[in-house]
Amino acid sequence: MSDSKTMHIATENSEIIYTDEFDVIVCGYGGAGGCAALEASRNGANVLILERASDGGGSTALSSCEMYLGGSGGTSLQKACGFEDSTQNMIDYMELAFEDKGDAEKIKFYAENAAQHFEWVKSLGVTYKEAAHLGRIVVPESNESLLYTGNERAYPFSASSKPVPRGHVPSHEGDFGGKIFFDALKKEITSTKINISYDSRVLGLVVDANNAICGVSYKKDNMIQHVKVKKGVILATGGFVMNDEMISNYLPFQSDFAAPYGNPWDKGDGIQIGMLMNANVINMDEAFFGVYFYPPESLTYGIFINSSGNRFVNEDSYGARIGYFCSQQDKQKAYLLIQNEDFSPSIYMDKLPIIAVADTFEELEKEAGFEPNTLSATAKKYNDYVNDGCDEAFRKDPQWLKEICNPPYALIDYSFDAQRSPAYSQETGPLMFTLGGLETLKTGEVLDKNGAIIPKLFAAGRTTAGLPRTGKGYSSGMSVGDATFFGRMAGKSASKK
Ligand SMILES: Cc1cc2nc3c(=O)[nH]c(=O)nc-3n(C[C@H](O)[C@H](O)[C@H](O)COP(=O)(O)OP(=O)(O)OC[C@H]3O[C@@H](n4cnc5c(N)ncnc54)[C@H](O)[C@@H]3O)c2cc1C
């Protein structure tokens, strides 16, 4: 049976026997579910977590656990590193990032409370080093905890809000912040009375004759079991990037070139369950995928061109925005033109092929098979912009404007087919996770297709359309920040007295 058809809603009858009863049942023990369970328990609720895997963590534990935080004058980490960040500044940035797809209410609520959320995360015992890495990086390999993880310093964002670093990552050397965060969350949860059932796949809800939620059905030890719920069910089972049927249904364009990025149980179960309760799903055609061609940051001095030899993006943008604009080019063909002195292999994509090397732009163009006067004209025009001190075409920040005039020149193939070719793939090509799901309020309450709240149903994390809404405007940290923050909100709402 396909993943999508496994979920169901059962109506109470004499054959449904409840094995237990809880105030709040949390489906999925990742970032959103763990935080939801903890807040519900702290609010006095008797909580059960049902987790499909044999341990908690989900994609959150796999992640770098960068969280996108700021506002309120600055988080304690931003302040310690000398940065001031007003709530309005953060709102302006996020509103521009998600354009008409953003949820203004969630953005405002998040910006108003993100600095407090950071204190909450720290209170779990997650440690952050009060030092900033201000280079153009994705994840620090050294142990600084504050960094730029989005487009803050790139046009058009730099022109409309003050650039401030908002990426908060647990202090460590190497890339395993998610494990540090989840271990701390789990330790705290273990010290409470929260009940956890592993190897328990939630299959659906139990409703009464009036369609009101009464319980949850799940499969464990090859048996379907039912638990009764008093106050609320929280769906926090992650996104749907591992569900081929849903991906080909909702993201057919991206599925042609992007590869799934997540844990194996990103099957969309929570979204399916919500849909069976007539919940509204939104933003299902949006996903994150990145082209992390840097670091080293000197690669930013190069220019991206498409198969017609034209530029298409300011190269100082964040990897997800670069990825989005690459995806918009004909056949997703994209090449980086770089001069020798600025070239070092990219740390994430060092195997990609250099398709031509030459001493003049004309020779490079010919060797790489471009039409005459395409690549060469673009490179010369770019050099004119550099010499004028203003990139009139794409407004790359003057910091990254450097004349390309010292041969040899090289052309590196960042086309998506090259990135996904088994010869070159290093799992850093256009890796994708989903940004659509159940429509919720900032409280975590799930809305139906008529905009009405579905009683007793809550959701958070990638099961919902949360804070991050587009890859084009995504900053690293917006997903874990959203999942953990709105997970907490769902836990508080579901356990209300
Ligand atoms: C390698 C990697 C690095 C990343 N780095 C970052 C980063 O630094 N910052 C950032 O913001 N984002 C990052 N992301 C994205 C981010 O990690 C996820 O989008 C986010 O953690 C999702 O949180 P969640 O709570 O919604 O889901 P998860 O943390 O995935 O939790 C969902 C849980 O539900 C369980 N589950 C699924 N179905 C069922 C079911 N039917 N019944 C019971 N349980 C079920 C799963 O097993 C899982 O444990 C990264 C992703 C990856 C893969």
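Nothing here was measured: the structure is a model prediction, and the numbers come from that model.

(A) Examining the overall build of the protein more closely. When helices and strands are tallied, the protein shows 16 helices and 22 strands. Against the globule reference of 23 Å for 497 residues, the protein gives a C-alpha radius of gyration of 24 Å, in line with a compact fold. With the C-alpha coordinates of the protein rotated into their principal frame, the extents come out at 80 × 50 × 40 Å. The long-range share in the protein, meaning contacts at least 24 apart out of those at least 6 apart in sequence, stands at 74%.

(B) The packing of helix α6 (residues 104–123) against helix α16 (residues 478–494), seen in detail. In contact at an axis separation of 10 Å, α6 and α16 are set at 90 degrees when each is read in the N-to-C sense. Taken together, the axes of α6 and α16 are roughly perpendicular relative to one another. Taken together, the residues of α16 that come into contact with α6 (itself represented by Lys106, Phe109, Tyr110, Asn113, Gln116, His117 and Trp120) are Gly481, Asp482, Thr484, Phe485, Phe486, Arg488 and Met489. Of the residues belonging to the contact of α6 with α16, the class tally is 6 nonpolar, 5 polar and 3 charged.

(C) Quick look at the domain arrangement of the protein. Each domain of the protein was delimited in the assignment, giving domain 1 (3–63 + 178–288 + 431–494), domain 2 (67–175) and domain 3 (297–420). Each of domain 1 and domain 2 was reduced to a C-alpha centroid, and the two centroids are 25 Å apart. At the interface, 36 residues of domain 1 touch 29 residues of domain 2. Across the domain 1 to domain 2 interface the summed buried area is about 2,900 Å²; carbon plus sulfur atoms make up 66%. Per-residue buried area on domain 1 facing domain 2 is highest for Lys442, Leu467 and Phe485; these three make up 21% of the total on that side.

(D) Structural detail: the site of the ligand. Close contacts around the ligand come from 37 residues, with Glu51, Thr60, Asp269, Ser479 and Val480 the closest. Ser59 is positioned such that a nitrogen or oxygen atom in its backbone is 2.8 Å from an oxygen atom of the ligand. In the model, an oxygen atom of the ligand is placed 2.8 Å from a nitrogen or oxygen of the Arg462 main chain. Only α2 (31–42), α3 (58–62), β9 (201–207) and α16 provide two or more residues apiece to the shell around the ligand. Classifying every residue of the shell around the ligand by side-chain character gives 14 nonpolar, 17 polar and 6 charged.

(E) Up close: the packing of α2 against helix α8 (residues 177–190). At a minimum axis separation of 10 Å, α2 and α8 run at an interaxial angle of 30 degrees. The orientation of α2 relative to α8 falls into the category roughly parallel. The way α2 lies across α8 gives a crossing that is left-handed. Across from Gly31, Gly34, Cys35, Leu38 and Arg42 in α2, the residues of α8 making contact are Phe181, Phe182, Leu185, Glu188 and Ile189. Taken together, the residues of the contact of α2 with α8 sort by class into 6 nonpolar, 2 polar and 2 charged.

(F) Just the side chain of His168, in detail. Mapped onto the elements of the fold, His168 is located in strand β7 (residues 167–168). Within the structure, His168 has its side chain in polar contact with the side chain of Thr75 (distance 2.8 Å). At a separation of 2.9 Å, a polar atom in the side chain of His168 contacts the main-chain carbonyl oxygen of Arg166. Here His168 is in contact with Cys65, Glu66, Met67, Leu69, Thr75, Leu77, Gln78, Phe118, Tyr128, Ser145 and Leu146, once residues within four sequence places are set aside.

(G) Summary view of the sheet that holds strand β12 (residues 259–260). Strand order in the open sheet formed by 3 strands is β12-β19-β14, with mixed pairing between adjacent strands. The sheet terminates laterally at β12 and β14 (287–289), the two strands that pair on one side only. As paired elements, β12 and strand β19 (residues 431–434) share 2 bridges and run parallel to each other. Residue pairing for β19: Pro260 is matched across the bridge by Met432.

(H) Quick look at the sheet that holds strand β15 (residues 303–305). The strand order across the open sheet built from 4 strands is β15-β16-β18-β17, with neighbouring strands paired in antiparallel fashion. Because the sheet does not close on itself, it has two edges, and the strands there are β15 and β17 (354–358). If you compare each strand with its neighbour and ignore which way they point, the axes differ by 25 degrees on average. The sheet contact formed by β15 and strand β16 (residues 335–339) spans 3 bridges and is antiparallel. Residue pairing in the sheet places Ile303 in a bridge with Leu337 of β16. Here helix α14 (residues 375–388) sits on the sheet in contact with β15, β16 and β18 (409–413), set at roughly 150 degrees to β15.

(I) Examining the pattern of salt bridges more closely. Counted by the stated rule, this structure contains 23 salt bridges. In this structure, Lys186 engages Asp55 in a salt bridge whose closest nitrogen and oxygen atoms are separated by 2.7 Å. Taken together, the positions of Lys186 in helix α8 and Asp55 in the loop between β3 (47–50) and α3 put the pair 131 residues apart, joining distant regions of the chain. Residues Lys380 and Glu362 are paired through a salt bridge, measuring 2.4 Å at the closest nitrogen-oxygen approach.

(J) The arrangement of the packing of aromatic side chains in detail. Evaluated as defined, the whole model comprises 30 aromatic pairs. Look at Phe485 and Phe486: their rings are 4.9 Å apart centre to centre, the planes differ by 85 degrees, and that puts the pair in the edge-to-face class. Residue Phe485 is classed as buried on the basis of its relative accessible area of 0%. Among the residues examined, Phe486 registers a relative accessible area of 5% and is labelled buried.

(K) Quick look at the state of the cysteines. In total, this model carries 0 disulfides according to the counting rule given. Among the cysteines around Cys27, which has no disulfide bond, Cys214 carries the closest sulfur, lying 15 Å off. In this structure Cys390 is not part of a disulfide, and its nearest cysteine sulfur, from Cys405, lies 19 Å away. Relative accessible area serves as the criterion here: at 27%, Cys390 is assigned to the partly exposed category.

(L) Structural view of the environment of Glu371. Relative to the assigned elements, Glu371 resides in the loop between α13 (361–367) and α14. With 62 residues separating them in the primary sequence, Glu371 and Gly309 have C-alpha atoms 8.2 Å apart.

(M) The pairing of strand β2 (residues 18–27), seen in detail. By the bridge criterion, 8 bridges tie β2 to strand β11 (residues 223–235) in an arrangement that is parallel. Residue Cys27 lies in a different strand from β11, and its bridge partner there is Leu235. When β2 meets β3, the two strands line up parallel, connected through 4 bridges. Bridging across to β3, Val24 finds its partner in Val47. Tracing the backbone out of β2, into α2 and back to the parallel element β3 gives a crossover that is right-handed.

Parameters at a glance
Residues numbered from 1 in each chain as written. Predicted model: local features only at pLDDT ≥ 70, side-chain atom pairs only at ≥ 80, totals over all residues. Heavy atoms only, no water. Helix = DSSP H or I, 4+ residues; strand = E, 2+ residues; numbered from the N terminus. Rg over C-alpha atoms; globule rule 2.2 N^0.38 Å. Contact = heavy atoms within 4.5 Å. Axes fitted to C-alpha atoms, helices over the stretch in contact; angles between N-to-C directions. Parallel < 35°, antiparallel > 145°, perpendicular 65-115°, else oblique. Nonpolar A, V, L, I, M, F, W, Y, C, P; charged D, E, K, R; others polar. Domains from an automatic or database assignment. Buried area = accessible area lost by both parts, 1.4 Å probe. Near = heavy atom within 4 Å. Polar contact = N/O pair within 3.5 Å; in protein donor to acceptor, adjacent residues only side chain to side chain. Left-handed = near helix turned anticlockwise from the far one by under 90°. Pairing = 2+ DSSP bridges. Salt bridge = Lys/Arg side-chain N within 4 Å of Asp/Glu carboxyl O. Phe/Tyr/Trp six-rings, centres within 6.5 Å; stacked < 30°, edge-to-face > 60°. Buried < 20%, exposed > 50% of the residue type's maximum accessible area, 1.4 Å probe, protein only. Disulfide = S-S within 2.5 Å. Right-handed = clockwise from strand over helix to strand, strands pointing away.

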